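Chain by chain, the residues run as shown.
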Amino acid sequence: MHASTFPTHLRRAVERAGILKHVTSHTFRHCFATHLLWSGTDIRQIQQLLGHSDVKTTEIYTHVRNPNEAKVVSPLDRLVQDEEVAVGCARAD
């Protein structure tokens, strides 16, 4: 398929699939980058795959929040949590 005919073929495929939203090849690049990020791929690897010279451009593609992202807990908070668990276990005994 030639690059100049791709938009036409894409539009036809989207219509046949019954997708009502506006879809472009950019939509696929965004989804590709987002899903890579959600699966744990490093932003620099995504940058290389998309062919961006600057990581800032890649960050634009991946501005969405990751629903699979683990909450970051500081080491100090972890100490407090571990202490609370230990105290709770001691009381249960």
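Predicted model only: the values in this text are computed from it and were never measured. (Residues numbered from 1 in each chain as written. Predicted model: local features only at pLDDT ≥ 70, side-chain atom pairs only at ≥ 80, totals over all residues. Heavy atoms only, no water.)

Participant: Pulling in residues and values, what's your account of the overall build of the chain?
Facilitator: Of the regular secondary structure elements, the chain holds five helices and zero strands. Counting across all 93 residues of the chain, residues that qualify as buried make up 16%. If you take every contact in the chain between residues at least 6 apart in sequence, the share linking residues at least 24 apart comes to 35%. (Helix = DSSP H or I, 4+ residues; strand = E, 2+ residues; numbered from the N terminus. Buried < 20%, exposed > 50% of the residue type's maximum accessible area, 1.4 Å probe, protein only. Contact = heavy atoms within 4.5 Å.)

Participant: Let's hear about the packing of helix 2 (residues 25-38) against helix 3 (residues 43-50): which residues, and what values?
Facilitator: Interhelical geometry of helix 2 versus helix 3 gives an angle of 155° and a closest axis separation of 10 Å. When the axis of helix 2 is compared with that of helix 3, the two are roughly antiparallel. Where helix 2 crosses over helix 3, the two elements pack in a sense that is right-handed. Two secondary-structure elements touch here, helix 2 through Arg29, Phe32, Ala33, Leu36 and Leu37 and helix 3 through Ile46, Leu49 and Leu50. Of the residues that constitute the contact of helix 2 with helix 3, the class distribution is seven nonpolar, no polar and one charged. (Axes fitted to C-alpha atoms, helices over the stretch in contact; angles between N-to-C directions. Parallel < 35°, antiparallel > 145°, perpendicular 65-115°, else oblique. Left-handed = near helix turned anticlockwise from the far one by under 90°. Nonpolar A, V, L, I, M, F, W, Y, C, P; charged D, E, K, R; others polar.)

Participant: Tell me about the nonpolar core, and name the residues and values.
Facilitator: Judged by nonpolar contacts, Ala33, Leu36, Ile46, Leu50 and Tyr61 together constitute the single largest core of five residues. Among the secondary structure elements, those contributing two or more residues to this core are helix 2 and helix 3. Setting aside its immediate chain neighbours within four residues, Leu50 contacts Arg29, Phe32, Ala33, Thr58 and Tyr61. (Core = buried A, V, L, I, M, F, W, Y, C linked by side-chain atoms within 4.5 Å.)

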